[in-house]
Amino acid sequence: MSIFEYNEEEELKKFGRAEYRSGEIKGKAESVILALEMKGPVSEQMKKRIFSERDISLLEDWMRTAIEADTVEAFLVRTGLDRII
């Protein structure tokens, strides 16, 4: 295949996977924030940091921590985000 050849079906599959992954990441970030909001107010800076994360495994860890933490501050300490935010 030449670098100039274009396979529309293959490119759409790639785009679909990227779209799915992007949506999955956004959904996990939203879930972390929702869990935290049940514990207290979540700053815009913290929301921005959570939404900027692209590591799905880390977002899943943060979700578990957000559910287990008693407060937003406890979440920040347990995740190490208190040093950043």
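Placed above this text is the structure.
Reading the values: rules and limits
- Residues numbered from 1 in each chain as written.
- Predicted model: local features only at pLDDT ≥ 70, side-chain atom pairs only at ≥ 80, totals over all residues.
- Heavy atoms only, no water.
- Core = buried A, V, L, I, M, F, W, Y, C linked by side-chain atoms within 4.5 Å.
- Buried < 20%, exposed > 50% of the residue type's maximum accessible area, 1.4 Å probe, protein only.
- Helix = DSSP H or I, 4+ residues; strand = E, 2+ residues; numbered from the N terminus.
- Contact = heavy atoms within 4.5 Å.
- Expected span 1.5 Å × (residues − 1).
- Polar contact = N/O pair within 3.5 Å; in protein donor to acceptor, adjacent residues only side chain to side chain.
- Arc of directions from axis to C-beta.

Provide a residue-level description of the nonpolar core, including the pertinent values.
Leu36, Met46, Ile50, Trp62 and Phe75 are the most contacted members of the largest nonpolar core, which totals 18 residues. No other element matches helix α1 (residues 8–37), which puts 6 residues into this core. In this structure phenylalanine 75 touches Val32, Leu36, Trp62, Thr65, Ala66, Ala69 and Leu81, once residues within four positions along its chain are discounted.

Lay out helix α3 (residues 56–68) with the relevant residues and their values.
Counted at 1.5 Å a residue, the expected span for α3 with its 13 residues is 18 Å, and the 19 Å between its end C-alpha atoms agrees. Taken together, the buried positions of α3 are Ile56, Leu59, Trp62, Thr65 and Ala66. The distance from a side-chain oxygen at the start of α3 to the backbone nitrogen of serine 57 is 2.9 Å, and the residue carrying that oxygen is aspartate 55.

Give me the side chain of lysine 47: which residues, what numbers.
For lysine 47, the position within the fold is in helix α2 (residues 44–52). At 3.3 Å, the side chain of lysine 47 and the side chain of glutamate 37 are in polar contact. Aside from chain neighbours lying at most four places away, what touches lysine 47 is Ile33, Glu37 and Val42.

Go over the side chain of glutamate 53 with me, naming the residues and quoting the values.
With respect to the helices and strands, glutamate 53 occurs in the loop between α2 and α3. At 3.0 Å, the side chain of glutamate 53 and the side chain of arginine 49 are in polar contact. Not counting residues within four places of it along the chain, the set of residues in contact with glutamate 53 comprises Ile25, Leu58, Leu59 and Trp62.

Can you lay out helix α4 (residues 72–79) for me, pointing to particular residues and giving the numbers?
Among all positions of α4, only Val72, Phe75 and Leu76 are buried. The buried residues of α4 occupy an angular sector of 100 degrees when projected down its axis, which confines them to one face. With respect to the buried face of α4, the exposed residues turned more than 90 degrees away are Glu73 and Val77. Note on α4: the residue one or two positions beyond its end, glycine 80, has a positive phi of about 80 degrees.

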